[in-house]
Amino acid sequence: MPDDIFHPDFKAAPYWWEAAAPDPLDGEGPPERSDVVVVGGGFAGLNAALELARRGTAVTVLEAGRFGEGASTRNAGHVSSGSNLGKAPSAAQASPAVRLLGEARYRALLAEAAGSYEHIETLIEREAIECDWRVKGRFVGALTPAHFRALAAKSAGQAGVRLVEPEAQHQEIASDFYHGGIVVEKSGQLQPALYHQGLMAACRRHGVTLVANCPATAIGREAGGFAVETPRGRIRAGGVFLGTNGYSGRLKPWLRRRIIPLGSYIIATEPLGERAAALIPTGRTINDTKRVLSYFRLSPDGTRLLFGGRESFSPIDERGSARLLHRTMLRVFPQLEGVRVTHSWTGNVAFSFDFLPHIGTVDGLHYAVGCNGSGVAMMSYLGYRAALTMAGGNERSAFEGLEHPGRWFYRETPWFMPLVGRYYQFRDAWDRRLAGSGVARRRNSS
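Residues numbered from 1 in each chain as written. Predicted model: local features only at pLDDT ≥ 70, side-chain atom pairs only at ≥ 80, totals over all residues. Heavy atoms only, no water.

Asks: I'd like a rundown of the sheet that holds strand E18 (residues 341-352), residues and numbers included.
Replies: Ordered in space as E1-E18-E14-E17-E16-E15-E6-E8-E7, the nine strands form an open sheet in which the pairing is mixed. Looking at strand neighbours, the two that pair on one side only are strand E1 (6-11) and strand E7 (161-164), the edges of this open sheet. Direction aside, neighbouring strands of the sheet carry axes that sit 25° apart on average. Two strands pair when backbone bridges link them, and strand E15 (residues 285-288) and strand E16 (residues 294-298) are joined in this way by two bridges, in the antiparallel orientation. Looking at E16, one finds that Ile286 is bridged to Phe296. Its contacts with the sheet put helix H4 (residues 145-155) on strand E6 (138-141), E7 and strand E8 (181-184), and the angle it makes with E7 is roughly 155°. Helix H8 (residues 318-332) rests against E1, strand E14 (259-269), E16, strand E17 (305-309) and E18 of the sheet, and its axis sits at about 65° to E14. (Pairing = 2+ DSSP bridges. Helix = DSSP H or I, 4+ residues; strand = E, 2+ residues; numbered from the N terminus. Axes fitted to C-alpha atoms, helices over the stretch in contact; angles between N-to-C directions. Contact = heavy atoms within 4.5 Å.)

Asks: I'd love a proper account of the packing of aromatic side chains, names of residues and values included.
Replies: For the coordinates displayed, the defined rule picks out 16 aromatic pairs. Taken together, a centroid distance of 5.0 Å and an interplanar angle of 85° make the contact between Phe177 and Tyr178 edge-to-face. Ring centres of Phe296 and Phe307 lie 4.9 Å apart, and the angle between their planes is 15°; this geometry places the pair in the stacked category. With Phe296 in strand E16 and Phe307 in strand E17, this residue pair connects regions lying eleven residues apart in the sequence. One cation-aromatic arrangement involves Arg319 over Phe6; the distance from NZ or CZ to the ring centre is 4.4 Å. Sitting over the face of the ring of Phe177, Arg432 holds its NZ or CZ atom 4.0 Å from the ring centroid. (Phe/Tyr/Trp six-rings, centres within 6.5 Å; stacked < 30°, edge-to-face > 60°. Lys NZ or Arg CZ within 6 Å of the ring centre and 35° of its normal.)

Asks: Tell me about the confidence of the model for the protein, and name the residues and values.
Replies: The predicted model of the protein averages 88 in pLDDT, with 92% of residues at 70 or higher. Counting interchain partners and residues more than four positions distant, the pLDDT-below-50 stretch residues 86-94 has 15 contacts. Low confidence marks residues 438-446, where pLDDT is under 50. Its contacts with residues over four positions away, or in another chain, come to two contacts. (pLDDT = per-residue confidence, 0-100.)

Asks: Go over the side chain of Arg297, please, and point to the residues and values.
Replies: Structurally, Arg297 is set in strand E16. In this structure, Arg297 is buried with no salt-bridge partner, the nearest side chain bearing the opposite charge being Asp132 at 6.9 Å. Within polar-contact distance, the side chain of Arg297 engages the side chain of Gln189 at 3.3 Å. A distance of 2.9 Å separates a polar atom in the side chain of Arg297 from the backbone oxygen of Leu190. The residues contacting Arg297, other than those within four sequence positions of it, are Trp16, Ala76, Gly77, His78, Gln189, Leu190, Ile280, Arg284, Thr285, Arg304, Leu305 and Leu306. (Buried < 20%, exposed > 50% of the residue type's maximum accessible area, 1.4 Å probe, protein only. Lys, Arg positive; Asp, Glu negative; His and termini not counted. Salt bridge = Lys/Arg side-chain N within 4 Å of Asp/Glu carboxyl O. Polar contact = N/O pair within 3.5 Å; in protein donor to acceptor, adjacent residues only side chain to side chain.)

Asks: Describe the packing of helix H1 (residues 43-54) against helix H3 (residues 103-126), with residues and values.
Replies: As a packed pair, H1 and H3 sit with axes 13 Å apart at the nearest point and diverge in direction by 60°. With respect to H3, the axis of H1 lies oblique. Judged by the sense of rotation from one axis to the other, the crossing of H1 with H3 is left-handed. Contacts between H1 and H3 involve Asn47, Leu50 and Arg54 from the former and His119, Leu123 and Arg126 from the latter. Looking at the contact of H1 with H3 residue by residue, the classes come out as two nonpolar, two polar and two charged. (Parallel < 35°, antiparallel > 145°, perpendicular 65-115°, else oblique. Left-handed = near helix turned anticlockwise from the far one by under 90°. Nonpolar A, V, L, I, M, F, W, Y, C, P; charged D, E, K, R; others polar.)

Asks: Go over the sheet that holds strand E9 (residues 188-189), please, and point to the residues and values.
Replies: If you trace the three strands from one edge of the open sheet to the other, you get E4-E9-E5, paired in antiparallel fashion. Only two strands of the sheet have a single partner each, and these edge strands are strand E4 (78-79) and strand E5 (134-135). Two elements, E5 and E9, share two bridges in a ladder whose sense is antiparallel. When the bridges of E9 are listed, Val135 appears paired with Gly188.

Asks: Please give an account of the pairing of strand E20 (residues 365-369) that cites residues and values.
Replies: The buried fraction of E20 is high, at five of five residues. On E20, burial covers both faces: Leu365, Tyr367 and Val369 on one face and His366 and Ala368 on the other are all buried. Note that strand E13 (residues 233-242) and E20 share two bridges and pair parallel. Following the sheet pairing, Leu242 is matched in E20 by Tyr367. Sheet topology note: the strand E19 (residues 358-362)/E20 ladder contains five bridges and is antiparallel. Residue Ile359 lies in a different strand from E20, and its bridge partner there is Ala368. Joining the antiparallel neighbours E19 and E20 is a turn of two residues, in which Asp363 adopts a positive phi near 55°.

Asks: Tell me what's going on with H4, and back it up with residues and numbers.
Replies: Restricting attention to buried positions, one finds in H4 the residues Pro145, His147, Phe148, Leu151 and Ser155. In a view along the axis of H4, the buried residues occupy a sector of 155°, so they form one face of it. Turned more than 90 degrees from where H4 packs its buried face, Arg149 and Ala153 sit exposed. Looking one or two places after H4, you find Gly157, whose phi comes out positive at around 85°. (Arc of directions from axis to C-beta.)

What follows is the structure in structure tokens.
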């Protein structure tokens, strides 16, 4: 594919950073002591720090680089009313791991996943965070007629979810790529870098110490708590929260072996003028039923299309991922032929082997990981819930204490993901081909 898809001002950086660049803060060094040290300054870490500080705890947040440089400002800003576990309508149809939990525990997980949405709404209002928050719903496009029938069966009877027949699809999206879909009304969108910036401001107001360019290099037990080693000195702490998620390195190998970091990629188009609003007339967020899904939305000012997906399961640079995403974008919106890309970026999504988010402890360290692609609300919520546990709360989260499985063949490097990715891509292409053959047969018979 020629490089003429790139705008002359192309940037290999998130579009969101135009309004809220990573914070260069580097004035504060780590204190010698802190009640709690939070490792990782993303949505989970900042929510945990904020809630602990509101309860009178002295908190220090360590960020390996600049605040706002990690995955929390690299997502698409889609805010779902739950997590990926909500795709299954009953425990009997869920993953094997969920079936083992039983119906009651599964329903408790669903209720809390839905509660993550209320948490982020309440937080944004309480802390007066200006982050282009809006509730416009989400459209899920069916890749094939069979996928549409499956969506219809799963959504039947669910409040706030309605079916969109293929003939009504253009009310939602100016594309013939999908075969109908569903609308989930209780879904929102925000500008993730501004949300992150607002969380940092809230933490500062409540007395949280924020230390940039200061990775935790080792954590050891000692009398009364922990010693957290950093290149800028040791911190003694009563408790530690790990909020590193898809960027969990070798600090705690046990945790790294239970999550799979997978790159997800996004591009932003150049300004489209009036064409932008016509692409998604309702202004909803959109994703689809592909195994290698696509997800997209309009920019907050309504001028650009932000198109994302998991186009590569092997390392790839921003120009390479932009070419792949641009090609997929044209399959959905062929009318965008000739439109150029101004920004391309990536961030790690953390998957767990049971496809469930987890709050837990290992060797006395608290952690929250594994939102499997639904992280804006869920990672915010899990950080908050972990803070309640650390503060001595009596209410136990349904995500706390779940068995957190690993796999014998996985030792921190997801060598198998390129194979899995190619298989998923083949299955998507095969489903699409079969669907096309079926439609052609029905047309010929009529």
